[in-house]
Amino acid sequence: MSTDPHVASPELDDDDDARPLPDLPPLPADPRWRVEHLPLLTAFSFALMMCAASVGFLSAGAPAAVGAAAGIAVVTVSYTMSTLVLAWADTVRPALIMPLGMITYVVKYSLLGVIMAFVISSEWPGRMALGWGIVAGVLGWTAAQIWWVARLAGRRK
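Enquirer: Would you take a moment to explain the overall build of the protein for this structure?
Expert: Helix and strand counts for the protein come out as four helices and zero strands. Helices (α) and strands (β) of the protein occur, in sequence order from the N terminus, as α-α-α-α. Within the span of the protein, comprising 157 residues, buried residues form 28% of the whole. Considering only intrachain contacts with a sequence separation of at least 6, the fraction spanning at least 24 residues in the protein is 68%. When the accessible surface of the protein is summed, it comes to about 10900 Å², and 72% of that surface belongs to carbon and sulfur atoms.

Enquirer: In this structure, what is going on with the side chain of Arg34? I would like to understand it.
Expert: Counting through the fold element by element, Arg34 comes out in the segment before helix 1 (38-60). A relative accessible area of 8% places Arg34 in the buried class. At 2.5 Å, the side chain of Arg34 and the side chain of Asp90 are in polar contact.

Enquirer: What is the right way to read the packing of aromatic side chains from this model?
Expert: Each aromatic ring pair is specified by the distance between its two centres and by the angle formed by the two planes. Counted under the stated rule, the structure contains two aromatic pairs. Pairing Tyr79 with Trp141 gives two aromatic rings, centres 5.5 Å apart and planes at 75°, and the pair type is edge-to-face. Within this pair, whereas Tyr79 is found in helix 2 (residues 62-92), its partner Trp141 is found in helix 4 (residues 127-155), the two being separated by 62 residues in sequence. In this structure Trp141 comes out as buried when scored by relative accessible area, which is 1%. With centroids separated by 6.4 Å and ring planes inclined at 20°, the aromatic side chains of Tyr105 and Tyr109 adopt a geometry described as stacked. Residue Tyr105 and its partner Tyr109 are both found in helix 3 (residues 97-121); the two are separated by four residues, about one turn of the helix. Classification of Tyr105 by relative accessible area gives partly exposed; the value is 34%.

Criteria and cut-off values
- Residue positions within a chain follow its written sequence, with the count starting from 1.
- Where totals are concerned, whole chains, interfaces and linings use all residues; where local detail is concerned, this predicted model gives features only for residues with pLDDT of at least 70, and gives and counts side-chain atom pairs only at 80 or more.
- Excluding hydrogens and water, the side-chain values take into account all heavy atoms of the structure.
- Helix and strand definitions here come from DSSP, where helices need a minimum of 4 consecutive H or I residues and strands a minimum of 2 consecutive E residues; each element is numbered from the N-terminal end.
- Only protein chains enter the accessibility calculation, which uses a 1.4 Å probe; a residue is then buried when its area is under 20% of its type maximum, exposed when over 50%, and partly exposed in between.
- By definition in these notes, contact holds between two residues if any of their heavy atoms fall within 4.5 Å.
- Methods summary: accessible areas were calculated by the Shrake-Rupley approach with a probe of 1.4 Å, and residue burial reflects only the protein chains presented.
- We define a polar contact as two N or O atoms separated by no more than 3.5 Å, with the added condition that, inside protein, one atom must be a possible hydrogen donor and the other a possible acceptor, whereas residues neighbouring each other in sequence contribute only through side-chain atom pairs.
- By convention, a stacked pair of Phe, Tyr or Trp rings (six-membered ring in the case of Trp) has centres within 6.5 Å and planes under 30 degrees apart, an edge-to-face pair has planes over 60 apart, and any other such pair is tilted.

Function-wise, these values are silent; they only describe arrangement.
Structure below.
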């Protein structure tokens, strides 16, 4: 019998691997902390959507109101999707966070690029408001999440 580790042993099946599995870190006791900010940020996004739709309506009519609200909705769905995918990956196997996060971001920004290319090439009167809604949604969501993290850090001191 050969002692070379690179030579297949007749005792092992083709599906069995003789190498030991790596030690994985234990999963957190309560995984809900990964998504506990979503209700607040969703409520914030809804309020921002109503404000943006009002400003859009008062400045340029119904198409701008729809565009501004749609821009904030795009950001809200996008950020929520990222949060849920990363939270799920962290509960299943933390090593999945990076690959799934990268795939999620590639898919999100590809879809956003397609949406923006379609909207820009159209003659829809709400296209500028949609762009400004996306900017407002990104800035608003980011600010609200920074506030949440700062509040959480202050609570744990």
